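Residue-level structure breakdown
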Amino acid sequence: MPNSKSVVILGAGAWGTTLAKLAAINGNQVHLWSRQEPLEKILENNNPQIILSAISMKGVRDVASIVQSFPLAPQTIFVTATKGLEPHTTYTPSQIWQAAFPNHPVVVLSGPNLSQEIAQDLPSATVVASKNANAAQSVQLVFSSHRFRVYTNPDPVGVELGGTLKNVIAIAAGICDGLHLGTNAKAALVTRGLTEMVRIGKNLGAITETFYGLSGLGDLLATCNSPLSRNYQVGYQLANGKMLEEVLASLPGTAEGVNTCRVLMEIAKQRSIPIPITEQVYQLLAGQVTPRVALDKLMLRNIKPEFDDFPREQMW
Ligand SMILES: NC(=O)c1ccc[n+]([C@@H]2O[C@H](COP(=O)([O-])OP(=O)(O)OC[C@H]3O[C@@H](n4cnc5c(N)ncnc54)[C@H](O)[C@@H]3O)[C@@H](O)[C@H]2O)c1
Ligand SMILES: O=P(O)(O)OC[C@H](O)CO
């Protein structure tokens, strides 16, 4: 293939394996790395043009520092597909990769992408976002197929935060369904969840419109409505009386929303951002409230206008 690229995928979990298949069907030379193998052989023998990380959040910094010890071509593009936030630093995965490789382009890949559906060859769309348009377009070509439609976007912070913040709202959506609160409640929760995501995103430098696209609203809808989502499952099972440790032990893979929720509470406190849904999810995960008490606390907050910043000329 004339445009075939050498692609190294870090992380052979559910998402890394699925992305490896997507890149391979387009004729790229794909090398999938799992932590049981030496990374040295894969990086030194294959001269990667693209290195994609699908490592869960807790491993990103360690893996980035291992990769730093290998010589790479200066034009090698890093792609991050992790949806999480680092505790204490509150860094996003792309911030960790960019700090480790300041002279390389970094692209965020995120969207409504339940890996089990993609692995079954069902149609799906995603977003690749970068400040470097050429890098985003190269990654778009590597993954685009008749079953996987890839859009570019110039707002990596917004795309990355959309995929990350929705995981907390998906836990809340699982609780809502687990308690059988009905369709009205779910619609209210998801819509107010999106408001919360926009509020945090704007504060962290994202573009508001990005949250209304595939990586924001799109991923929120997918994750809040599917039992395939591990984050949704956490909420659903907690609502059914299981303990958090028990739920996490039985999950197939990582539910990033649990840690993301804790990091978000730190960010919200530091920056005085009101995030009532996240706060109730946090208290529930910490065992401080029951699902029913969390619901009452949300419903009985002080009544207020729907929008924080409605245009002045539209106000009474
Ligand atoms: N599965 C999906 O549908 C999906 C879709 C989009 C994004 N994501 C995101 O992709 C990331 C990975 O998700 P997943 O579903 O593949 O999870 P997973 O639990 O199936 O796989 C995680 C991978 O990270 C590796 N890993 C963890 N810590 C590591 C460390 N310290 N060193 C080296 N490797 C380490 C694991 O070995 C494993 O290969 C998550 O951030 C998730 O939110 C997942
Ligand atoms: O299984 P989850 O909850 O990690 O969701 C997977 C993807 O992020 C959906 O886009």
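In the nomenclature of an unreviewed UniProt entry, the protein is known as Glycerol-3-phosphate dehydrogenase [NAD(P)+] of Aphanizomenon flos-aquae FACHB-1249. You can read under Pathway (unreviewed entry) in the UniProt record for the protein the words "Membrane lipid metabolism; glycerophospholipid metabolism." Here is the UniProt Subcellular location (unreviewed entry) comment for the protein, exactly as written: "Cytoplasm".

Turning our eyes to something else, we now look at the nonpolar core. Ranked by size, the top nonpolar core spans 45 residues in total, and within it F211, V234, L264, V281 and L285 carry the most contacts. Counting only elements with at least two residues in this core, the list comes to α7 (156-178), α8 (183-203), α9 (214-224), α10 (230-239), α11 (244-250), α12 (257-271) and α13 (276-285). Residue contributions to this core peak at 10 residues, all from α7. Those residues in contact with V281 that lie beyond four places of it in its chain are V168, I171, A172 and C261. Residues A20, L52, V107 and F143 belong to the second largest nonpolar core, which totals 24 residues.

Inspection of the entire model under this criterion finds zero disulfides. In this structure C176 is a free cysteine whose sulfur lies 9.3 Å from that of C224, the closest cysteine sulfur available. Taking the relative accessible area as the measure of exposure, C176 reaches 5% and is therefore buried. Residue C261 stays outside any disulfide, its sulfur separated by 13 Å from that of C224, the closest cysteine.

Spatial strand order, β2-β1-β3-β4-β5-β6-β7: seven strands in an open sheet with mixed pairing. In this open sheet, the two strands that pair with only one neighbour each are β2 (29-33) and β7 (148-153). Each adjacent strand pair in this sheet contributes to an overall mean axis angle of 20°, direction not counted. Across five bridges, strand β1 (residues 6-10) lies against β2 in parallel orientation.

Here is what the cut-offs are and how they apply
Along each chain, the written sequence defines residue order, and numbers are assigned to residues from 1. Written order decides the labels, with chains lettered from A and ligands numbered from 1. The predicted origin of the model limits local features to residues at a pLDDT of at least 70 and limits the giving and counting of side-chain atom pairs to 80 or more, whereas totals for whole chains, interfaces and linings rest on all residues. Side-chain descriptors were evaluated using all non-hydrogen atoms of the structure, hydrogens and water having been removed beforehand. UniProt positions are given in the numbering used here, feature names are shortened, and annotations may be inferred rather than shown by experiment. By nonpolar core we mean a set of buried residues, namely Ala, Val, Leu, Ile, Met, Phe, Trp, Tyr and Cys, connected to one another through side-chain atoms within 4.5 Å. Only protein chains enter the area calculation, which uses a 1.4 Å probe; residues under 20% of their type maximum are buried, those over 50% are exposed, and those in between are partly exposed. The way it works is that DSSP assigns letters per residue, a run of H or I at least four long becomes a helix, a run of E at least two long becomes a strand, and they are numbered from the N terminus. Contacts are assigned to residue pairs with any non-hydrogen atoms lying within 4.5 Å of each other. Our working definition of a disulfide is a cysteine sulfur pair at a distance within 2.5 Å. The pairing criterion is simple: DSSP has to find at least two bridges between the two strands. Note on geometry: axes are C-alpha line fits, over the in-contact stretch for helices, and angles between N-to-C directions span 0 to 180 degrees.

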